[in-house]
Amino acid sequence: MAITNSRWLQVSSMVILLAVQSLAASQKSGSTSSEERPWSIQVAQVDSVDVNLDPVFRVAIYENLMAELSKSRAFKAVYRSGDRSADGEKDLLILKVTVRKFQAGSETKRAVTTVAGATKITADFRLETNAGQSVKEDVVHGNVRFVGSNMKATRNLAHGVATKIKASKLPELPATGMALVKPTDILH
Amino acid sequence: MTRLIRNLLISAALCLVPILLTENALGQKAADETQGEAATFSVRPVLGLQVPHPNAPGSITVQEGMVRFENTKHEVLLLSITSIQDLLLSRQRKQVGGVPMTLGKAAIPFGGGRAVSLVSHKTYDDVAIVYRDDNGAIHGVIFELPAEAGLQLRKVLVSHGAVVGPDGLSTQATRAEVGSGNY
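Just so you know, these numbers come straight off a predicted model, no measurement behind them.

Q: Is there a simple way to think about the overall build of chain B in this case?
A: Across its full length, chain B carries four helices and eight strands. Its helices and strands taken in sequence order, chain B reads α-β-β-β-β-β-α-α-β-β-α-β from the N to the C terminus. Contacts spanning at least 24 positions in sequence make up 57% of the contacts within chain B whose residues lie at least 6 apart.

Printed below as a string of structure tokens:
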């Protein structure tokens, strides 16, 4: 009986040990240390070209971008437009979002008809280095088709931008002592 | 058949009760805002508020060169009027009642919930206050106010010296642009 008990003790302690090890391993793989996130990002003011975008939506896209990028944990720091703390940052990427299409929907139409009244936003985003070199460019859509307020489209758009940036492979940092320069700077 | 119609009417009436209650409450708030000397506005934060409970409703008071927001959790945000870069307005029509109302509408048979949706909406003013913090960073806070209260808040801020874009109101129908900058 005593032997059985000690065996059970051994087996259970091994199971616990394995569980703790796997948990630690999963936490290590899930979290991203600051060394693995070399770049910081600054979100520029949202622009719109030939689009009668609701001005409050511009602010909403900007604020949602800040929230989604912070949540994504893909960057060392997320700076706002005009933030003087970002001035001394060498490894800084700048995110520029330009809204290309905007269709103002109606929550009432959506609730009554289900199929009509969708709010749609289409935007281009460009991620570039301090020196102006493009790192990533893409088009993102933010829509609300069925349930939710029109403002939810801005959150969906920001989430799409953050997801695409997180999925993209960011460039390696330049070696110490070297700086990224614009091709135009070399020519002149 | 008569029983079915009666049941349909009863369920529709039950769904309308919260709408009427909500509209009365909001109307009372709007009336409070327009009365008296103190420039206080009941608001519901929508986005961008950096306090521990960012969704808790509260009130905005404009006095002595400051905009003071205090929510029901007694969290306070103080903004200097000089730090305000722009104030943007937008008129939105939203469904009222939230999730309980949506579930109630879904429970009404023969698509009766859709008919209720036709009348269960209310117009709000969304107000975005764009300001710079001490570090120069641009922030935007969006509040939801009862209809017309957004324009009043704008007038009060301008009378206290805030520099904002041209007067106007962006609505879903006209989408006339207000404000000068891009954010």
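Further notes follow.
Q: Looking at this structure, how should I read the confidence of the model for chain B?
A: Residues and elements named next belong to chain B. For chain B, the mean per-residue pLDDT works out to 78, and 69% of the residues sit at or above 70. Looking over chain B, one finds the lowest element-wise mean pLDDT in strand β8 (residues 170–171), namely 46, and the highest in strand β7 (residues 138–146), namely 94. The model gives residues 19–36 a pLDDT under 50, and that stretch makes 17 contacts with residues more than four places away or in other chains. Contacts from residues 170–183, a stretch scored under 50 in pLDDT, to residues over four places away or in other chains number 50 contacts.

Q: How should I be thinking about the environment of P146 of chain B in this particular structure?
A: Residue and element names in this part refer to chain B. Considering the arrangement of structural elements, one finds P146 in strand β7. Accessibility expressed as a C-beta count within 10 Å gives 23 for P146, which makes it buried. With 37 residues separating them in the primary sequence, P146 and P109 have C-alpha atoms 32 Å apart.

About the thresholds
- Residues numbered from 1 in each chain as written.
- Chains lettered and ligands numbered in written order.
- Predicted model: local features only at pLDDT ≥ 70, side-chain atom pairs only at ≥ 80, totals over all residues.
- Helix = DSSP H or I, 4+ residues; strand = E, 2+ residues; numbered from the N terminus.
- Contact = placed C-beta atoms within 7 Å.
- pLDDT = per-residue confidence, 0-100.
- Buried ≥ 20, exposed ≤ 12 C-beta atoms within 10 Å, placed from the backbone.

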